[in-house]
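Chain residues, written in single-letter form:
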Amino acid sequence: MTDRDPWSSPATGPVFIVGCAKSGTTLLQALLDGHPELLVMPSELNVFRFSDHPSRLGFRKLGRLVEPPAIAEAMLDQLFFLQVRDPERLARLERRIRVDPPHDFSPLDPEVFVHTVLAPPALRSHREIYRRFFEALLAATGQASGDLATRRWVEKSPHQEEYAPLLREWFPNARFLHVVRNPYATLRALRRVATGDHLVGRTPRYPSLRPSLRELRSSYELAAVNRRNLGECYRVVRYETLVSDPTSVLAELAAFLGIAGADIRLEPTLLGQPWTGNSTSGRRFSGIDHTPLEDWRSEITPYEIALVNRHLGQALRDYDYEVVPLERRPEAWRRNRREQWSTYFANRVQLLAAAR
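Small disclaimer: the values here were computed from a predicted structure and weren't measured. (Residues numbered from 1 in each chain as written. Predicted model: local features only at pLDDT ≥ 70, side-chain atom pairs only at ≥ 80, totals over all residues. Heavy atoms only, no water.)

What to know about the sheet that holds strand β4 (residues 175–180)
Inference 1: Spatially, β2-β3-β1-β4-β5 is the arrangement adopted by the five strands of the open sheet, whose pairing is parallel. Both edges of this open sheet fall to β2 (38–40) and β5 (234–238), since each of them pairs with a single strand only. Neighbouring strand axes in the sheet, compared pairwise and without regard to direction, differ in orientation by 25 degrees on average.
Inference 2: Pairing geometry for β2 and strand β3 (residues 152–156), over three bridges, is parallel. Among the inter-strand pairings, Leu-39 is bridged to a residue of β3, identified as Trp-153. (Pairing = 2+ DSSP bridges. Helix = DSSP H or I, 4+ residues; strand = E, 2+ residues; numbered from the N terminus. Axes fitted to C-alpha atoms, helices over the stretch in contact; angles between N-to-C directions.)

See the structure below:
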């Protein structure tokens, strides 16, 4: 690391937003987007989903590539705002998946973005991948390249908390914001994603929740481990507190990041454009939506309540979440709507597995 490195100063160290999928990481990203001292990537980079780094959640891997240039090209192929640059590809995608763009990426020039990422010299390290993508973000939005040396950049990828110690080695001045959410609400949201109701021509099925449970449990475990091992650079943000009292939470985070609290806005944006959410219900909103704080109660199943109570009790206690009682325990053993028998047995095994 040299003095010319834009991330060698504590004032410009990167910020990584991490946490389980559907836990509120995108909301926090969108609330930080408008701050003049921050440069926020509007899409997940997911570097480690493409690299050959081992993972405790191997089923989430999208590749096991070794060379940084190949990883960068694979990332470009997956970023949503770059998919829309190819009308034919988008048409093929829409034949398989109900595409509901969560954000307007029109302020970004995708051709400039791609050219900047792939331009020589060739990428030599995983660390350089991050730098190149943020240089591309500046170029593609018409901003000066020197801004990288004066602003903290912010990157959000779910489950990147697994690699927080490694990222700290790469970026010694990094800060981490780990978002946690009520396990009942998060499991319900993960289940909705896994039903497959976004797939064209397929009947939604109640899914196996073993992968979702692993994701949730891993994220909570790593929140505790990273807070203990990484110390003051690692901050856990409770989603419910962020939604109910954003002014206080964002003021605390501004102090943590060393940025002006007065410049934080309460209107979520991405690329400076209003962000209308990525709710699993398809609901669109402006501002901070309070509905998710309670709407999970009307949709969560007895089986899911039992699963959380058995396996995530420590998380409920650690973050002061209410334990939802299951008045009639046999209800957890009833088959859920559109749950095939093979899935039923795989799911109920999780109720017999030892709690961790």
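Regarding the pattern of salt bridges
Inference 1: Taken as a whole and assessed by the stated rule, the structure comprises 13 salt bridges.
Inference 2: Between Arg-131 and Glu-135 there is a salt bridge, and its shortest N-O distance comes to 3.2 Å. Of this pair, Arg-131 and Glu-135 are both found in helix α7 (residues 126–140), four residues apart, which corresponds to roughly one turn of the helix.
Inference 3: Its relative accessible area of 29% is what places Arg-131 among the partly exposed residues.
Inference 4: For Asp-147, the salt bridge goes to Arg-151, with nearest N and O atoms at 3.4 Å.
Inference 5: Look at Asp-147 and you get partly exposed, because its relative accessible area is 23%.
Inference 6: Judged by its relative accessible area of 14%, Arg-151 falls in the buried class.
Inference 7: One network of salt bridges, in which partners are shared, links Arg-188, Arg-192, Asp-295 and Glu-299. (Salt bridge = Lys/Arg side-chain N within 4 Å of Asp/Glu carboxyl O. Buried < 20%, exposed > 50% of the residue type's maximum accessible area, 1.4 Å probe, protein only.)

Digging into the packing of helix α13 (residues 302–311) against helix α15 (residues 341–352)
Inference 1: Where α13 meets α15, the axes come as close as 9 Å, and the angle between the chain directions of the two elements is 35 degrees. Crossing angle aside, the handedness with which α13 passes α15 is left-handed. Across the interface between the two elements, Tyr-303, Ala-306, Leu-307, Arg-310 and His-311 of α13 pack against Asn-347, Arg-348, Gln-350, Leu-351 and Leu-352 of α15. (Left-handed = near helix turned anticlockwise from the far one by under 90°. Contact = heavy atoms within 4.5 Å.)

Some words on the side chain of Asn-336
Inference 1: With respect to the helices and strands, the residue Asn-336 is situated in the loop between α14 (313–318) and α15.
Inference 2: The buried category is assigned to Asn-336, whose relative accessible area is 13%.
Inference 3: Leave out the neighbours within four places in its chain, and Asn-336 touches Tyr-206, Thr-301, Tyr-303 and Arg-348.

Some thoughts on empty space enclosed by the protein
Inference 1: The final tally for this structure, using the stated rule, is two cavities of 30 Å³ or more.
Inference 2: As for the largest cavity, its lining consists of 14 residues, of which Phe-48, Arg-49, Arg-60, His-159 and Tyr-163 are closest to the centre.
Inference 3: Split by residue class, the lining of the largest cavity holds five nonpolar, five polar and four charged.
Inference 4: Approximately 40 Å³ is the volume found for the second largest cavity.
Inference 5: The class makeup of the residues in the lining of the second largest cavity is five nonpolar, three polar and one charged. (1 Å grid on protein atoms, 1.4 Å probe; cavity = no way out; pocket = protein on both sides within 12 Å on 5 of 7 lines; lining within 4 Å. Points joined across faces, edges and corners; volume = space filled by probe spheres on them. Nonpolar A, V, L, I, M, F, W, Y, C, P; charged D, E, K, R; others polar.)

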